[in-house]
Amino acid sequence: MIVCVAVVGHQNNPLYLQSFTEADDALKLHHVVHCSLDVIGERVNNPKRNAPALNETFLGLLYPTENYKVYGYLTNTKVKFIMVTTDLDVKDADARNFFRKFHAAYVDAVSNPFHVPGKKIASRSFGARVSTIVKSFGSGTTA
């Protein structure tokens, strides 16, 4: 089950963050997302370790915690997508599919002529689309 998704800009500014749990977990999930930015930065800025995967946008499992697993995705414009899940056995194919749909929803949201680049995404339709994608995660359906 996905408990949190985030979109972080190229300057590590939060563009969208949505948690799908109780309100008392929200701060903890914000911290988990913030910590994942360090891992993404390390992977991107250390090309020697990840030489074959430099052009790969899916970063895979960033790090596991006691309760969560954090996955990442990096666009070619350095926008980061982060997914926090409680599932122990997430297939890479499912995570890639989720990020592909999430990226498509993001592109549609920022293509809105009224959206200011670099500002938080306040579109209700984007939020609804993300919720639909999160609900369909792992079920094999398309959103």
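Data block above holds the structure.
Residues numbered from 1 in each chain as written. Predicted model: local features only at pLDDT ≥ 70, side-chain atom pairs only at ≥ 80, totals over all residues. Heavy atoms only, no water.

The next thing to look at is the overall build of the protein. Each helix and strand counted, the protein has 3 helices and 5 strands in total. Secondary structure elements in the protein, listed N-terminal to C-terminal, are β-β-α-β-β-β-α-α. Taken over 143 residues, the protein has a buried fraction of 39%. Surface accessibility of the protein: about 8400 Å² in total, with carbon and sulfur atoms responsible for 53%. (Helix = DSSP H or I, 4+ residues; strand = E, 2+ residues; numbered from the N terminus. Buried < 20%, exposed > 50% of the residue type's maximum accessible area, 1.4 Å probe, protein only. Areas by Shrake-Rupley, 256 points an atom, 1.4 Å probe, with all protein chains shown as cover.)

This part takes up the layout of surface pockets. Computed from the structure, the second largest pocket encloses a volume of approximately 200 Å³. Taken together, 14 residues make up the lining of the second largest pocket; nearest its centre are Val8, Pro14, Leu17, His30 and Val33. Secondary structure elements with two or more residues in the lining of the second largest pocket: β1 (2-8), β2 (14-19) and α1 (26-45). Among the residues making up the lining of the second largest pocket, the classes are represented as 9 nonpolar, 4 polar and 1 charged. (1 Å grid on protein atoms, 1.4 Å probe; cavity = no way out; pocket = protein on both sides within 12 Å on 5 of 7 lines; lining within 4 Å. Points joined across faces, edges and corners; volume = space filled by probe spheres on them. Nonpolar A, V, L, I, M, F, W, Y, C, P; charged D, E, K, R; others polar.)

The next subject is the sheet that holds β2. Judged by pairing direction, the sheet is antiparallel, and its 5 strands sit side by side in the order β2-β1-β5-β4-β3 without closing on themselves. Edge strands, defined here as strands with exactly one partner in the open sheet, are β2 and β3 (58-64). Put simply, the sheet's adjacent strands are angled 15° from each other on average, direction ignored. Where β3 meets strand β4 (residues 69-74), 5 bridges bridge the pair, whose relative direction is antiparallel. (Pairing = 2+ DSSP bridges. Axes fitted to C-alpha atoms, helices over the stretch in contact; angles between N-to-C directions.)

A large share of β1 lies buried, amounting to 7 of its 7 residues. Pairing of β1 with strand β5 (residues 80-85), which is carried by 6 bridges, proceeds in the antiparallel orientation. Looking at the pairing, Ala6 lines up with Ile82 of β5. In this antiparallel pair of consecutive strands, β1 and β2, the connection spans 5 residues, and Asn12 shows a positive phi of 60°.

To continue, consider the nonpolar core. Residues Val7, Phe98, Phe99, Phe102 and Phe126 are the most contacted members of the largest nonpolar core, which totals 25 residues. Broken down by secondary-structure element, the contributors of at least two residues to this core are β1, β2, β4, β5, α2 (92-110) and α3 (124-135). Looking at this core, the element that brings in the most residues is α2, giving 7 residues. In contact with Phe126, not counting residues within four places along its chain, are Val7, Tyr16, Phe102, Ala105, Tyr106, Ala109 and Ile121. Of all hydrophobic cores here, the second largest spans 17 residues; its members include Val8, Val33, Leu59 and Leu74. (Core = buried A, V, L, I, M, F, W, Y, C linked by side-chain atoms within 4.5 Å. Contact = heavy atoms within 4.5 Å.)

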